[in-house]
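Listed below, chain by chain, are the residues.
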Amino acid sequence: MKRIISTTLLLIVTVTVAMAQPSFSDSVHFAGEKHFRNVQQLTFGGDNAEAYWSYDGKYIIFQKTYAKEGIPCDQIYIGKVPTAPGEKFSPKLVSTGKGRTTCAYFLPDGKHIIYASTHLGSSECPPTPDRAKYGNRYIWPLYSSYDIFMADTSGKIVKQLTTAKGYDAEATLSPDGKKMIYCSDKDGDLELYVMDLASGKEKRITNILGYDGGAWFSPDGKKIVWRASRPKTDAEIKEYKELLAEGLVAPTNMEVWVANADGSDAKQVTSLGQANWAPNFTPDSKNIIFCSNHEYKRGFPFNMYLTDINGKGLEKISRDKGFDAFPMFSPNGKKIIFASNRNNGGTRDTNLFIADWTE
């Protein structure tokens, strides 16, 4: 969770929705979703999220938790996108199967991937926070054993990209595949770093107190977009720092930001309140699609929205009553993939969906 809003949040949202709505309407395509055509459900069961396209648009990579299938916490899978009617989506495991993983991404060669994993810390799933200690709020753990790895598509790790003590995750790549942007707390705050993959040299590009993460380069390589919290009051700053010292963050008050690819000229795009996250660019680099719960003071649903790079012309894109998030356009801009609670029969499942995109 791209990007992350982790599987834990998906569970919280879906449990809350289920408790609040004894009856529900379910569909793969809801009224008002005018940009979607030919919606196709790829996965059926468990929590499937952060699905991203390969550079040639033929494959997707994503993370999955499904206890019924012996997957107790997120692991990384790759699957070929179906192109013919009736073709089955058959993903394969490409992470180690140990620890917890997150935020996978293809390299341009289609033969290698990057992802974050805790497997060097332990082969077991790391413990989840006791939310009762924090007023039953959503709290996200910053596992210090997370590091970022490069592997081939058979699952063999070929390189460890980060080694600093602390949380290193949420990595994506520049369009040419030469630079990696990721989130780390190694300097005492959750900041963004850009690494040259060939040399390993990197630069910290954010410097304001608060969580900066889930960043993406624009398709033209000129900009970045990310989610950020900006605690302002003494109470907010105190809470943020106290949680960070415990290896935790409460990512429930975030806005979307943009900057030049080197971090310069950073600007806040949204000022909607609550949680605005999982931002990504449209293929023309002029607009941003993101997830938000700003319309709902109770904290759900989460839906996807479209805005221009200056935060103008906000448009609601999706209409599920639970959770729609992690959108990514295909490289040619003709399709979109996202994760959603839709069509899950009232269960807690979050599945992956692909749709043709129409203006």
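Residues numbered from 1 in each chain as written. Predicted model: local features only at pLDDT ≥ 70, side-chain atom pairs only at ≥ 80, totals over all residues. Heavy atoms only, no water.

Caption draft 1: Focus on the overall build of the protein chain. Counting its regular elements, the protein chain contains two helices and 26 strands. Since a compact globule built from 359 residues should have a radius of gyration of about 21 Å, the 19 Å found for the protein chain is in line with a globular shape. Taken along its principal axes, the extent of the C-alpha atoms in the protein chain is 50 × 45 × 40 Å. Within the protein chain, buried positions represent 55% of all 359 residues. Element-wise, carbon and sulfur atoms account for 51% of the exposed surface of the protein chain, whose accessible area totals about 15000 Å². Charged side chains in the protein chain number 44 positive and 41 negative. The centres of these two groups are separated by 2 Å. (Helix = DSSP H or I, 4+ residues; strand = E, 2+ residues; numbered from the N terminus. Rg over C-alpha atoms; globule rule 2.2 N^0.38 Å. Buried < 20%, exposed > 50% of the residue type's maximum accessible area, 1.4 Å probe, protein only. Areas by Shrake-Rupley, 256 points an atom, 1.4 Å probe, with all protein chains shown as cover. Lys, Arg positive; Asp, Glu negative; His and termini not counted. Charge placed at Lys NZ, Arg CZ, Asp CG, Glu CD.)

Caption draft 2: Just the packing of aromatic side chains, in detail. Counted under the stated rule, the structure contains 22 aromatic pairs. By way of ring pairs, the aromatic residues Phe36, Phe329, Phe338, Phe353 and Trp357 are connected into one cluster. Geometry around Trp257 places Arg230 over its ring, the cationic atom sitting 4.8 Å from the centre. (Phe/Tyr/Trp six-rings, centres within 6.5 Å; stacked < 30°, edge-to-face > 60°. Lys NZ or Arg CZ within 6 Å of the ring centre and 35° of its normal.)

Caption draft 3: Main features of unusual backbone geometry. Looking along the chain, the bond that leaves Phe300 and enters Pro301 is cis, with omega of 0°. Residue placement: Pro301 occurs in the loop between β21 (287–292) and β22 (303–308). At Glu50, a position not held by glycine, the phi torsion is positive, near 50°. In this fold, Glu50 is placed in strand β2 (residues 47–53). Residue classification places Glu50 among the buried residues on the basis of a relative accessible area of 1%. Its identity is not glycine, yet Ala278 carries a phi of approximately 50°, on the positive side. Its location among the elements puts Ala278 in strand β20 (residues 276–281).

Caption draft 4: Here's a closer look at the sheet that holds strand β3 (residues 59–66). Strand order in the open sheet made by the four strands is β2-β3-β4-β5, with antiparallel pairing throughout. Across the chains shown, the open sheet's two edge strands, defined by having one partner strand only, are β2 and β5 (92–93). (Pairing = 2+ DSSP bridges.)

Caption draft 5: Molecular detail of the sheet that holds strand β19 (residues 267–268). Taken together, four strands build an open sheet; the order of strands is β15-β16-β18-β19 and the sheet is antiparallel. Looking along the sheet, the strands with just one partner apiece sit at the ends: β15 (212–217) and β19. Pairing of strand β16 (residues 223–228) with strand β18 (residues 255–260), which is carried by six bridges, proceeds in the antiparallel orientation. Bridge pairing in β18 places Ala228 opposite Glu255.

Caption draft 6: Geometry of the state of the cysteines. Evaluated as defined, the whole model comprises one disulfide. Covalent S-S linkage joins Cys73 and Cys125, the inter-sulfur distance amounting to 2.2 Å. Between Cys73 and Cys125, the disulfide has an S-S torsion of -95° and is therefore left-handed. Here the residue Cys73 occupies a position in strand β4 (residues 71–80), and Cys125 occupies one in the loop between β7 (112–117) and β8 (140–141), the gap between them amounting to 52 residues. With relative accessibility at 2%, the residue Cys73 sits in the buried group. Cys183 forms no disulfide, and the closest cysteine sulfur to it belongs to Cys103, at a distance of 9.2 Å. Owing to a relative accessible area of 0%, Cys183 belongs among the buried residues under this scheme. (Disulfide = S-S within 2.5 Å.)

Caption draft 7: Spotlight on the confidence of the model for the protein chain. Across the protein chain, the average pLDDT comes to 93, with 93% of residues at or above 70. Segment residues 1–23: pLDDT under 50, and 67 contacts once partners within four positions in sequence are set aside and those in other chains are kept. (pLDDT = per-residue confidence, 0-100. Contact = heavy atoms within 4.5 Å.)

Caption draft 8: Structural context of the side chain of Lys64. Within the secondary structure layout, Lys64 lies in strand β3. With relative accessibility at 11%, the residue Lys64 sits in the buried group. Reaching out from Lys64, the side chain makes a polar contact with the side chain of Glu69 at a distance of 2.9 Å. Not counting residues up to four positions away in its chain, the partners in contact with Lys64 are Asp47, Asn48, Glu69, Ile71, Cys73, Asp74, Gln75 and Tyr77. (Polar contact = N/O pair within 3.5 Å; in protein donor to acceptor, adjacent residues only side chain to side chain.)

Caption draft 9: Structural view of the side chain of Asp320. With respect to the helices, strands and loops of the structure, Asp320 is situated in the loop between β23 (315–316) and β24 (324–329). No salt bridge is formed by the buried Asp320; the nearest opposite charge belongs to Arg342, separated by 4.8 Å. (Salt bridge = Lys/Arg side-chain N within 4 Å of Asp/Glu carboxyl O.)

Caption draft 10: Looking closely at the nonpolar core. Ile60, Ile114, Met180, Leu190, Trp277 and Phe326 are the most contacted members of the largest nonpolar core, which has 72 residues in total. Residues within four places of Met180 in sequence aside, it is in contact with Ile114, Ile148, Leu161, Thr162, Ala171, Thr172, Leu173, Tyr193, Val194, Met195 and Leu197. By size, the runner-up hydrophobic cluster in this structure holds twelve residues, among which are Ile289, Ile317, Phe329 and Phe353. (Core = buried A, V, L, I, M, F, W, Y, C linked by side-chain atoms within 4.5 Å.)

Caption draft 11: Structural view of the environment of Phe217. By the secondary structure assignment, Phe217 is in strand β15. By relative accessible area, Phe217 is classed as buried at 7%. Put simply, Phe217 and Asn303 are 86 residues apart on the chain and 22 Å apart in space, counted from C-alpha to C-alpha. Those residues within four positions of Phe217 in sequence are excluded, and the remaining contacts are Leu173, Ser174, Pro175, Lys179, Ile181, Val194, Lys223, Ile224, Ala261 and Phe281.

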